[in-house]
Structures are given as structure tokens and as C-alpha cells.
Amino acid sequence: KLENATAKAELGRASWKLFHTMMARFPEKPSDDDSLALKTYIQLFARLYPCGDCASHFQKLLKKFPPQTGSRNNAVGWACMVHNKVNKRLKKPEFDCNNIGDFYDCGCGDEDKEGKG
Ligand code: FAD
């Protein structure tokens, strides 16, 4: 089947949105089990990502830059960095990771246990 660049890009935007929003909601002080869950999620995401070409590139990236899941800040910073690696390969502009602060607001309306909403 022919590649559909529009659909591929749409899938990418939706996926990155979920990816970064999940990091923004990860606990500031995760338990070992939380950290393992996120690490496992990221590995499975990379394995099962529907665009096979993207998935194999991303899996290589994870080998070079293993997921950082020791805290929310680590996870947010790591995800921003790997997305920038993908941006670079696709010749897209670099995102300033210092400005990621409130960029990914889940809009859930509930409060997490550590005071960030
Ligand atoms: P996107 O890269 O989708 O980003 C969406 C928005 O996120 C941006 O507009 C910006 O506001 C914000 N953003 C940008 N950079 C960052 C950052 N570093 N941290 C946080 N937020 C940021 N496409 C391919 O053609 N080939 C591939 O091999 C490929 N591999 C991919 C691998 C993965 C794991 C994923 C999730 C997507 C992949 N894609 C790939 C899709 C590609 O990354 C883009 O999603 C798609 O091209 C649409 O690009 P975009 O310019 O709209 O911005």
C-alpha cells in the first residue's frame, strides 16, 4: 500500500501529544513500580508503534538513550530530548525543552497527589 504522509504525520502528532502529556503527569516521586511501568510502557510503545519504519528507528534511539523514569522531571526532559532527536532526523526545528513547563496540560480537571493540576 502507498505511503500516506498526511496520515503518518497525524499519527505522529497524536502520539507525541499522548507521550509528552503522560510524562507531564508522571509522579514527581515515583515508586520503583511506577518507574518500571513507565519504562515498560515506553519499550512497548516503541515496539508496537504502527509505523514500522518509525518504530525501528525509535527502538534504536532507545538503545542509545535509555528511558529516564526516576522522576517526573527526568521523564519530561528525556522525552523532550528523544523527540528532538527524531525532529533532527526529519529536519524539523528543535524544540526548546526549557519551555516545556505547562505546555502539556492534560485538561483532566482532576488534581494529582503532588499539587499539580
Ligand atoms: P511533531 O513532531 O508531531 O510534534 C508535534 C508538536 O509537539 C509540535 O508542533 C511542537 O509543538 C511539539 N514538539 C516538537 N518537538 C518537541 C519536543 N522535542 N518535545 C516536546 N514537544 C515537542 N515520521 C516520519 O516521517 N518518519 C519517522 O521515522 C518517524 N518516526 C517517529 C517516531 C515516533 C516514536 C513518533 C511518535 C513519530 C514519528 N514520526 C515519524 C512522526 C513525526 O515525528 C511527526 O510527528 C510528524 O512528522 C508530524 O510532525 P509535526 O511537524 O507536526 O510535529
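Residues numbered from 1 in each chain as written. Predicted model: local features only at pLDDT ≥ 70, side-chain atom pairs only at ≥ 80, totals over all residues. Heavy atoms only, no water.

Remarks on the packing of helix α1 (residues 5-24) against helix α4 (residues 72-89)
Two elements in contact, α1 and α4, have axes separated by 8 Å at closest approach and are oriented at 160°. Between α1 and α4, the interaxial angle falls into the category roughly antiparallel. Residues Trp16, Phe19, His20, Met23 and Ala24 of α1 pack against Arg72, Ala75, Val76, Trp78, Ala79, Cys80, His83 and Val86 of α4. Of the residues assigned to the contact of α1 with α4, the class counts are 10 nonpolar, 2 polar and 1 charged. (Axes fitted to C-alpha atoms, helices over the stretch in contact; angles between N-to-C directions. Helix = DSSP H or I, 4+ residues; strand = E, 2+ residues; numbered from the N terminus. Parallel < 35°, antiparallel > 145°, perpendicular 65-115°, else oblique. Contact = heavy atoms within 4.5 Å. Nonpolar A, V, L, I, M, F, W, Y, C, P; charged D, E, K, R; others polar.)

Some words on the state of the cysteines
All told, the structure shown has 3 disulfides when counted by the stated rule. Disulfide pairing places Cys51 opposite Cys54 at an S-S distance of 2.1 Å. Judged by the torsion about the S-S bond (75°), the Cys51/Cys54 disulfide is right-handed. Disulfide pairing places Cys106 opposite Cys108 at an S-S distance of 1.8 Å. If the cysteines joined by disulfides in the protein chain are listed in sequence order, their pairing comes out as 1-2, 3-4, 5-6. (Disulfide = S-S within 2.5 Å.)

Some points on the packing of aromatic side chains
Counted by the stated rule, this structure contains 10 aromatic pairs. An aromatic cluster is present here, built from Trp16, Phe19, Tyr41, Phe45, Tyr49, Phe58 and Trp78 joined pairwise through their rings. (Phe/Tyr/Trp six-rings, centres within 6.5 Å; stacked < 30°, edge-to-face > 60°.)

Looking at unusual backbone geometry
At Lys91, a residue that is not glycine, the phi angle is positive and equals roughly 60°. Here Lys91 shows up in the segment after α4. By relative accessible area, Lys91 is classed as exposed at 77%. (Buried < 20%, exposed > 50% of the residue type's maximum accessible area, 1.4 Å probe, protein only.)

Comments concerning the environment of Thr21
By secondary structure assignment, the location of Thr21 is in helix α1. Between the C-alpha atoms of Thr21 and Pro66, which are 45 residues apart in sequence, the distance is 19 Å. Setting aside anything within four residues of it in sequence, one finds Thr21 in contact with Tyr104 and Cys106.

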